[in-house]
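Observations on the model geometry
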Amino acid sequence: MGLLMGEARAMLKWADGKMIKHEVDMQVLHLLGPKTETDLEKKPKVAKARLEEVDRRTAKDVEENGEVAGQTLSLMEQLRGEALKFHKPGENYKTPGYVTTPHTMDLLKQHLEITGGQVRTRFPPEPNGILHIGHAKAINFNFGYAKANNGICFLRFDDTNPEKEEAKFFTAICDMVAWLGYTPYKVTHASDYFDQLYAWAVELIHRDQAYVCHQRGEELKGHNPLPSPWRDRPIEESLLLFEAMRKGKFAEGEATLRMKLVMEDGKMDPVAYRVKYTPHHRTGDTWWVLTIPSYPRRSSYFWLCNALDVYCPVQWEYGRLNLHYAVVSKRKILQLVAVGAVRDWDDPRLFTLTALRRRGFPPEAINNFCARVGVTVAQTTMEPHLLESCVRDVLNDTAPRAMAVLEPLQVIITNFPAAKSLDIQVPNFPADETKGFHHVPFGSIVFIERTDFKEEPEPGYKRLAWGQPVGLRHTGYVIELQQVMKGPSGCVESLEVTCRRADAGEKPKAFIHWVSQPLMCEIRLYDRLFQHKNPEDPAEVPGGFLSDLNPASLQVVETALVDCSVALAKPFDKFQFERLGYFSVDPDSHQGQLVFNRTVTLKEDPGKV
């Protein structure tokens, strides 16, 4: 427990120690059960050197010497994650709740002959919207588990609802899977198997496991709908009626094909096929009957495979990942777009993957976040600042530095030491100068942040003021205030200063960023889209999530200045603007007019934690 707590505290530096201990205790209790008398016995001491030796050896070495395999794995990795419960290829029947039949072992043997015992997984999104942060967890788990076991993962589109499916969603899903760093073994569609699915439906009728029903949709709603009066209709009659459904001889809602089973919640005979006259984007008007999207119940899945005597893979369900101060429902995002609260699915204030990419979140950061969250059956709701922390960790090492000024104040250096501007060499990464440098001009006119100057500073203010010089970052010069120029309204318009070498006098209290001969650009500063943690909770937001919009979620600075080192930046290029945060080039940028999105600030605002 000491090792586990130490690892947890190291990973969760921002969290309350007592809360971590309580959560770890509860999860270990859930996984291992209460302590036994054996657990309470005093254990013999083991030499520290011996423990370190075991930790250095590989899991294979440990196993060969009769010790616990996996000792070198992180304890956190060993204890968390539903993947620890997964069966080996061909051992489906060992899964709790798996339903076996006299044909099960033969089917498993045939499956192993086809796959060679290879791990095979799939990511099965519905192409009726853009993927969000919760899907990133599923992508990482499905593709990551296959990759970790030298297996393959299929991208399988569940395209059984043509009314809501659009070509742009198929493209965006493929793009996002690739963006997160994964390559599907094969891209498939449910519609690839419409012929096979129809043949299986006919087989179900032949086996008296399905029938055509004429109850209307409204009659099937509620907790205790009336049993179908057509449940025992003759097999031949259902076969003829199902063929008539396929040929379009029934109106929508007039007939369905229902399976003969009782589900966990007591509902009888779920609908398998319905009549739908919306042309399908891949099959056109070939099929006038479509399957219903899969039911989130493992037992009905087992029932269907076993009723047809076909191979039955194990279906694992795990909890959805949500974030506070956000909505990820496709229907609600469409409402946000409709009322103009956001521009589109990729608005950087949303938590769709296209929005996070546009805002500048690196895919590695999203993957790291998903790894930290882990995989559990329970639904998980995380704080956005935990995701932002992962973003900072990645960008700190990958985003080169530049300087920008959001609220420019002109500064004239009256004794500038050169006839022309100087060429200043600035490290791309000050902590690691082996990563190179870029050059910026330094002239007699520079621009600083308006907030870096005060005529009447409060106690503790360390930046430019009367009698308080400051250094200009990377230049080796210190400037001292000589005169303040104001406009007719009394607003400060510019400053006159003198400069000296930084090593020619007392070290200044602060060094500030600046730009000279800069580029004008647009900078978009983002904040939370909603004001409350749970905008969909009526108890927290009685007026509904649309009433909870944060009016300050987007601030546009149209006349920001940035140093010329970024002039050739392309969309999605990322920088750290010193002292301001991490920024990404927006696709709205065009020749001569760069647009930057602030991805995250340099540090988390303590008021948000």
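As the structure is a computational prediction, the values presented were derived from the model and not from experiment. (Residues numbered from 1 in each chain as written. Predicted model: local features only at pLDDT ≥ 70, side-chain atom pairs only at ≥ 80, totals over all residues. Heavy atoms only, no water.)

1. Overview of the overall build of the protein chain
Across its full length, the protein chain holds 16 helices and 24 strands. Put simply, of all contacts in the protein chain between residues at least 6 apart along the chain, 66% involve residues at least 24 apart. In the structure as shown, the protein chain presents an accessible area of about 32200 Å², 53% of it carried by carbon and sulfur atoms. (Helix = DSSP H or I, 4+ residues; strand = E, 2+ residues; numbered from the N terminus. Contact = heavy atoms within 4.5 Å. Areas by Shrake-Rupley, 256 points an atom, 1.4 Å probe, with all protein chains shown as cover.)

2. Overview of the sheet that holds strand S4 (residues 210-213)
Strand order in the open sheet formed by four strands is S4-S5-S6-S7, and the pairing between neighbours is antiparallel. Of all strands in the sheet, those bounded by a partner on one side alone are S4 and strand S7 (289-291). Pairs of neighbouring strands in the sheet enclose a mean axial angle of 25°, with direction left out of account. (Pairing = 2+ DSSP bridges. Axes fitted to C-alpha atoms, helices over the stretch in contact; angles between N-to-C directions.)

3. Details of the nonpolar core
Residues Ile 133, Ile 139, Leu 353, Ile 366 and Phe 369 are the most contacted members of the largest nonpolar core, which totals 41 residues. Of all the elements in the fold, those that place two or more residues in this core are helix H8 (133-148), strand S2 (152-157), helix H9 (167-179), strand S8 (321-323), helix H14 (353-359), helix H15 (363-373) and helix H16 (384-398). Counting 33 residues, the second largest nonpolar core, distinct from the first, contains Val 212, Leu 241, Ala 244 and Val 289. (Core = buried A, V, L, I, M, F, W, Y, C linked by side-chain atoms within 4.5 Å. Buried < 20%, exposed > 50% of the residue type's maximum accessible area, 1.4 Å probe, protein only.)

4. Some points on the pattern of salt bridges
Within this structure, the stated rule accounts for 28 salt bridges. The salt bridge involving Arg 358 is made with Asp 586; its shortest N-O contact spans 2.8 Å. Taken together, the residues Arg 358 in helix H14 and Asp 586 in the loop between strand S23 (581-585) and strand S24 (595-600) connect sequence positions 228 residues apart. In terms of burial, Arg 358 and Asp 586 fall into one category: buried. Here Asp 452 ties to Arg 579 by a salt bridge, and the two come within 2.8 Å at their closest N and O atoms. With Asp 452 in the loop between strand S15 (445-449) and strand S16 (470-472) and Arg 579 in the loop between strand S22 (574-577) and S23, the pair connects residues that are 127 residues apart, well separated along the chain. Using a relative accessible area of 36% as the deciding quantity, one classes Arg 579 as partly exposed. Through salt bridges that share partners, Arg 343, Asp 346, Arg 358, Glu 522, Arg 524, Asp 586 and Asp 588 make up one connected network. (Salt bridge = Lys/Arg side-chain N within 4 Å of Asp/Glu carboxyl O.)

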